[in-house]
Amino acid sequence: MAATTFLGFMRIVLVLVLALTHHAHAFSTSSIIHNHRNNDNANKGAIPSLTACHATPSHQGGSISSLPDIRAAVIVPGFLTGKDEFLALSKSLNNMGIPTVVVPMPNWHWLPCLGGRSMRPMLERIDFTVRHLAGVAGNLADFERTTSEGLEKSLEDALQKSDDESKKTTTDPQLLIPNFSYNVFDCYQDFRNNPGGVLEVGGSAKVEKYPLWNPKGSFPSAPEPMGKVALIGHSAGGWICRAYLSDRNYGGKSYGGNQLVHSLITLGSPHGNAPGAAFKGVEWVNSEIMDSSSGFRALAVGGTGYKGDSSGQLTQGAYSFCCPDGSNGSEYDGDGVTPIQSALAMKEYVPHADTMVLDDVGHFCWSDVFGGETVAPDLTKYHREGRPWYGDDVIVEKWAGWL
C-alpha cells in the first residue's frame, strides 16, 4: 500500500516541479490507519548501546540545557516520503552502533503541506519523535539504562500485551516510539485549514503572517528528556529541521528543538532561497543566523555528478525550481534533485556548520521503490546500475562518522 501511495504522490511531485506550480491537490485515501509495521529485515541482535558524546559529568541532571548529548538519531523523511522508505537507512545506522528511528509517518501525512503551506504538521511529528527518543536516551548518571540490556527490558515491559510477532522484534529501536492517532478525516481538516502556500490559505503565503492554527492528531506525551539526540533530515526534511531547532514562533508555536538536539545532518536539502510559495518556509529559516551559541552542531551534505542538462527532465526541472535566478536548471550540478549550491547553502545561515560534498551520489533510492521508473526514469536507471544515494552503506559511512 505504501508503494502505491508513493507512486501517486511522486506523480504529483513531477507535475509540481516541471510546471513550477502547486495546483495539483488531489490525494488518495487508500491508507487511513497509521500503524508501525516492522521491517521484515529488522535488525538482528541487540539495540546498539546509546552512548554519550560531547558531554562531561558536569552535565548530569539539571535543566534541559544541561542534558548530555546521546549518540542516537531521528531521521526526518523528505517531501512526500515516509517511514517505510527510510527503514533501510535506519537499519544501517543501527548496525553502525547509532540507535536510530524514523519519524513514524506514512507519506500521505504530507498532503496538508502541498503547495508550499505551513510545515506545522511535520514539525509536530518531529517534536513527538525527538521527545520520545530523548525520553529513553538516559543520562550519564544512569548509564546502565542506556545499554542494550536495559533498553530490551524496557521494550519487553512495554510490549507485554503485544502479539508474539511484535515480541520477536523487541531489538528494533523504532518500537521505542509509540503510535499516534491521525486518520483521513484529520488529514482532510488539515488539508483545508493549513495556512500559506500558493493559494495563500489564511490570507498570506508568508510564515510571519500565518494565522494561529493547530494541526490535528493525538500525540501521546513523552517522558521527561534524559538526553539530547541528533536529527538527520533528508531533502525538505533538512530545512524543516532547522525550523524545529529555532526558538522563533512558527505559525503559532515555538518548538525550540535546539534544547533537545545536539547535532543536525541534512542530506540533499534545499537550503538556498528561491522564488515561489514553496520556498517561503526556507526564506523564514534563512532570516535567522544560528551561530554556535545556538547549542547544536550542523553538517550539510550534498551530492554531485548529476548534471542538469543530461540527467533527465525531472533533474533539470528540480534544479530550476531550486535556483534563485530563474535559470532553466541545465547548467547546474547536484544529486539529481537538489543542486549542490542549495544543498550547501546552510553554511550561509549556520556559519559554524560543516559541509561535505559527495561525488557521484544521488538524491534517493529510486530503483528500490515502486513507481520510480515512472517518476524519474533516468535517475532510476542510474541507481539500478549501481550509482549510490545518501542512504547506501558505503555512503552512510562517510557522513555518519561525523556524529
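Here the structure is a predicted model, which means the values were calculated and not measured.

1. So, the environment of Ile-289
And then number 1: Within the fold, Ile-289 resides in the loop between α8 (280-286) and β6 (297-304).
And then number 2: Put simply, Ile-289 and Pro-351 are 62 residues apart on the chain and 7.7 Å apart in space, counted from C-alpha to C-alpha.
And then number 3: Ile-289 has contacts with Glu-348, Tyr-349 and Pro-351, leaving out every residue within four places of it along the chain.

2. Some words on the pattern of salt bridges
And then number 1: Enumeration according to the criterion identifies nine salt bridges in this entry.
And then number 2: For Lys-381, the salt bridge goes to Glu-385, with nearest N and O atoms at 2.8 Å.
And then number 3: You can call Glu-385 exposed: its relative accessible area is 53%.
And then number 4: A single salt-bridge network, built from bridges that share partners, covers Arg-120, Glu-124 and Lys-253.

3. Thoughts on unusual backbone geometry
And then number 1: At Ser-235, a position not held by glycine, the phi torsion is positive, near 55°.
And then number 2: Along the polypeptide, Ser-235 turns up in the loop between β4 (228-234) and α7 (236-245).
And then number 3: One non-glycine residue with positive phi stands out, namely Asp-360, at about 55°.
And then number 4: Structurally, Asp-360 can be placed in the loop between β9 (354-359) and α12 (372-375).
And then number 5: Taking relative accessible area as the criterion, Asp-360 reaches 32% and is therefore assigned partly exposed.

4. As for the pairing of strand β5 (residues 261-267)
And then number 1: The buried fraction of β5 is high, at seven of seven residues.
And then number 2: For the crossover that starts at β4, traverses α7 and ends in the parallel β5, the hand is right-handed.
And then number 3: Of the strand pairs in this sheet, β5 and β6 are connected by five bridges, and their pairing is parallel. Bridging across to β6, Leu-264 finds its partner in Ala-298.
And then number 4: The β-α-β motif built from β5, the intervening α8 and the parallel element β6 has right-handed crossover chirality.

5. A short note on the packing of helix α3 (residues 120-136) against α7
And then number 1: Axis separation between α3 and α7 bottoms out at 10 Å; the angle between their running directions is 70°. By the criterion of interaxial angle, the relationship of α3 to α7 is roughly perpendicular. Seen from α3, the contacting residues are Met-122, Leu-123, Ile-126, Asp-127 and Val-130; seen from α7, they are Ile-240, Ala-243 and Tyr-244.

6. Describing the packing of helix α2 (residues 87-95) against helix α14 (residues 393-400)
And then number 1: At a minimum axis separation of 10 Å, α2 and α14 run at an interaxial angle of 60°. Regarding the angle of α2 to α14, the classification is oblique. Of the two possible hands of crossing, α2 and α14 adopt the one that is right-handed. For the pair formed by α2 and α14, the contact residues are Leu-89, Ser-92 and Leu-93 on the first element and Asp-393, Val-396, Trp-399 and Ala-400 on the second.
And then number 2: Split into classes, the residues belonging to the contact of α2 with α14 amount to five nonpolar, one polar and one charged.

7. Structural notes on the nonpolar core
And then number 1: Counting residues in hydrophobic clusters, the biggest one holds 59 residues, and the most contacted among them are Val-130, Leu-231, Ile-240 and Tyr-244.
And then number 2: Elements with a minimum of two residues in this core: β2 (69-76), α3, β4, α7, β5, α8, β6 and α9 (313-322).
And then number 3: Ranked by residues supplied to this core, first place goes to α3 with eight residues.
And then number 4: Setting aside residues up to four positions removed in sequence, Leu-231 forms contacts with Val-74, Val-76, Ile-126, Val-130, Cys-241, Tyr-244, Leu-245, Val-261, Ser-263, Leu-264 and Ile-265.

8. Things to note about α3
In an α-helix, one turn spans 3.6 residues; hence positions three or four apart end up facing the same way.
And then number 1: When the terminal C-alpha atoms of α3 are compared, their 25 Å separation across 17 residues agrees well with the 24 Å that a helix rising 1.5 Å per residue should span.
And then number 2: Along α3, 16 of the 17 residues are buried, which leaves the element largely enclosed by surrounding structure.

9. Examining the side chain of Thr-338
And then number 1: With respect to the element layout, Thr-338 can be found in the loop between β8 (333-334) and α10 (340-343).
And then number 2: A distance of 2.8 Å separates the side chain of Thr-338 from the backbone oxygen of Gly-268, its partner in a polar contact.
And then number 3: Not counting residues within four places of it along the chain, the set of residues in contact with Thr-338 comprises Gly-268, Ser-269, Pro-270, Tyr-319, Ala-343 and His-363.

10. Side note on the confidence of the model for the protein
And then number 1: Averaged over every residue, the pLDDT of the protein is 82; the share at 70 or more is 75%.
And then number 2: This model gives residues 52-62 a pLDDT under 50, and the stretch forms 25 contacts once residues within four places in sequence are excluded.
And then number 3: Within the model, the stretch residues 138-150 combines pLDDT values under 50 with 34 contacts to residues more than four positions away or in other chains.

11. Re the pairing of β4
And then number 1: Among the seven residues of β4, seven are classified as buried, and the element is accordingly described as predominantly covered.
And then number 2: Where β2 and β4 come together, five bridges link them in parallel fashion. Paired with Ile-75 across the two strands is Ile-232, which belongs to β4.

Rules behind the numbers
- Residues numbered from 1 in each chain as written.
- Predicted model: local features only at pLDDT ≥ 70, side-chain atom pairs only at ≥ 80, totals over all residues.
- Heavy atoms only, no water.
- Helix = DSSP H or I, 4+ residues; strand = E, 2+ residues; numbered from the N terminus.
- Contact = heavy atoms within 4.5 Å.
- Salt bridge = Lys/Arg side-chain N within 4 Å of Asp/Glu carboxyl O.
- Buried < 20%, exposed > 50% of the residue type's maximum accessible area, 1.4 Å probe, protein only.
- Right-handed = clockwise from strand over helix to strand, strands pointing away.
- Pairing = 2+ DSSP bridges.
- Axes fitted to C-alpha atoms, helices over the stretch in contact; angles between N-to-C directions.
- Parallel < 35°, antiparallel > 145°, perpendicular 65-115°, else oblique.
- Left-handed = near helix turned anticlockwise from the far one by under 90°.
- Nonpolar A, V, L, I, M, F, W, Y, C, P; charged D, E, K, R; others polar.
- Core = buried A, V, L, I, M, F, W, Y, C linked by side-chain atoms within 4.5 Å.
- Expected span 1.5 Å × (residues − 1).
- Polar contact = N/O pair within 3.5 Å; in protein donor to acceptor, adjacent residues only side chain to side chain.
- pLDDT = per-residue confidence, 0-100.

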